[in-house]
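Listed below, chain by chain, are the residues.
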Amino acid sequence: EAGVAQSPRYKIIEKRQSVAFWCNPISGHATLYWYQQILGQGPKLLIQFQNNGVVDDSQLPKDRFSAERLKGVDSTLKIQPAKLEDSAVYLCASSLGGTRNYEQYFGPGTRLTVT
Amino acid sequence: AQRVTQPEKLLSVFKGAPVELKCNYSYSGSPELFWYVQYSRQRLQLLLRHISRESIKGFTADLNKGETSFHLKKPFAQEEDSAMYYCALRPYGQNFVFGPGTRLSVLP
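Residues numbered from 1 in each chain as written. Chains lettered and ligands numbered in written order. Predicted model: local features only at pLDDT ≥ 70, side-chain atom pairs only at ≥ 80, totals over all residues. Heavy atoms only, no water.

Asker: Before we move on, could you go through the packing of aromatic side chains and cite the residues and values that matter?
Answerer: In total, this model carries 12 aromatic pairs over all chains according to the counting rule given. On the basis of an interplanar angle of 25° and a centroid distance of 5.0 Å, the ring pair of phenylalanine 21 of chain A and tyrosine 90 of chain A is categorised as stacked. Taken together, the positions of phenylalanine 21 of chain A in strand E3 (residues 19-24) and tyrosine 90 of chain A in strand E9 (residues 88-95) put the pair 69 residues apart, joining distant regions of the chain. Owing to a relative accessible area of 1%, phenylalanine 21 of chain A belongs among the buried residues under this scheme. Between phenylalanine 34 of chain B and phenylalanine 96 of chain B, the aromatic rings sit 4.9 Å apart at their centres with planes inclined by 50°, giving tilted as the arrangement. Residue phenylalanine 34 of chain B is found in strand E5 (residues 32-38), and its partner phenylalanine 96 of chain B is found in the loop between strand E9 (83-90) and strand E10 (97-98); the two are separated by 62 residues along the sequence. Of the residues examined, phenylalanine 96 of chain B reaches a relative accessible area of 4% and is grouped as buried. (Phe/Tyr/Trp six-rings, centres within 6.5 Å; stacked < 30°, edge-to-face > 60°. Helix = DSSP H or I, 4+ residues; strand = E, 2+ residues; numbered from the N terminus. Buried < 20%, exposed > 50% of the residue type's maximum accessible area, 1.4 Å probe, protein only.)

Next comes the structure, spelled out in C-alpha cells:
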C-alpha cells in the first residue's frame, strides 16, 4: 500500500513569512496527526483529526498555527507568521482509528528552516 | 505531567554484544508503552508495544511499573539494528508522548 505522503520535503523561509505543509494519509485511515520534531527531541503532537473533526489541538500554538482536514482525507498545516523557533521537522501520521490508533504510520516529514 | 526520558543520546555496541536501551516514564495511571524506530533514510515506524509482549527483530521490552521503566533489550546486536529508537507513552485516553530518542550504533 502507498504510505503517507507529505510535501514539500524541505522549506526555507524568513521569519515572519508564512508557510503551508500538505499531507495525504493512507487510504482508509480515519485518524491523522501532525507532529513537530525539533532537533534532538522526540515528536510532539500538534493536532489530531478524526475524519474531518479536531480531536486534540491542545498543544497547537493557535496564534500562529492552523490546520484543516477537508473532506476527512488530505490535511494542511499552516504557520503564519513563522518564528525562528519553528525550525523543525513536521511529521504527518495516520492510523486506522479506534482500537488501532496505537499503530501510527508516519510520512517522510517536511524539514522547515526559518532564518 | 506525563514525561518520557531516555538517558542515553547515543549508545554504541559491537556486533554480537547485548544491547539495552533505557526508557523511564512518569505517569500515575495505567500506561501503554511503545518503542518506535527510525532507520537511516526511512520513516519512523512502530517496533513493538508492551501489551503484545512479543519479540520483534529479536527485541523485547518489559514494562516494570515499580521502576516506571520500559527498557528495550536484544541479546545479540546486529549492524542492521543501527537506528534511532524512541520510547513512547500513551496515557489512557490521551495521545502519545515521545521520549527524546537514543541513537544506537552497532559497530562491526
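Asker: Could you give an account of the sheet that holds strand E8 (residues 75-79) of chain A, naming the residues involved and the relevant values?
Answerer: Residue and element names in this part refer to chain A. Spatially, E1-E3-E8-E7 is the arrangement adopted by the four strands of the open sheet, whose pairing is antiparallel. Where the open sheet ends on each side, the last strands, each with one partner, are strand E1 (5-7) and strand E7 (65-68). The mean angle between the axes of side-by-side strands here comes to 15°, regardless of whether they run parallel or antiparallel. One ladder, built from three bridges, connects E1 with E3; its direction is antiparallel. For alanine 5, the partnering residue across the bridge sits in E3 and is asparagine 24. (Pairing = 2+ DSSP bridges. Axes fitted to C-alpha atoms, helices over the stretch in contact; angles between N-to-C directions.)

Asker: Account for the pattern of salt bridges, with residues named and values stated.
Answerer: Residue and element names in this part refer to chain B. In total, this model carries seven salt bridges over all chains according to the counting rule given. Salt-bridge contacts for lysine 73 lead to glutamate 20; the nearest nitrogen and oxygen are separated by 3.6 Å. Taken together, the positions of lysine 73 in strand E8 (residues 69-74) and glutamate 20 in strand E3 (residues 19-21) put the pair 53 residues apart, joining distant regions of the chain. Residue glutamate 20 is classed as partly exposed on the basis of its relative accessible area, which comes to 28%. One network of salt bridges, with partners in common, ties together Glu20, Lys22 and Lys73. (Salt bridge = Lys/Arg side-chain N within 4 Å of Asp/Glu carboxyl O.)

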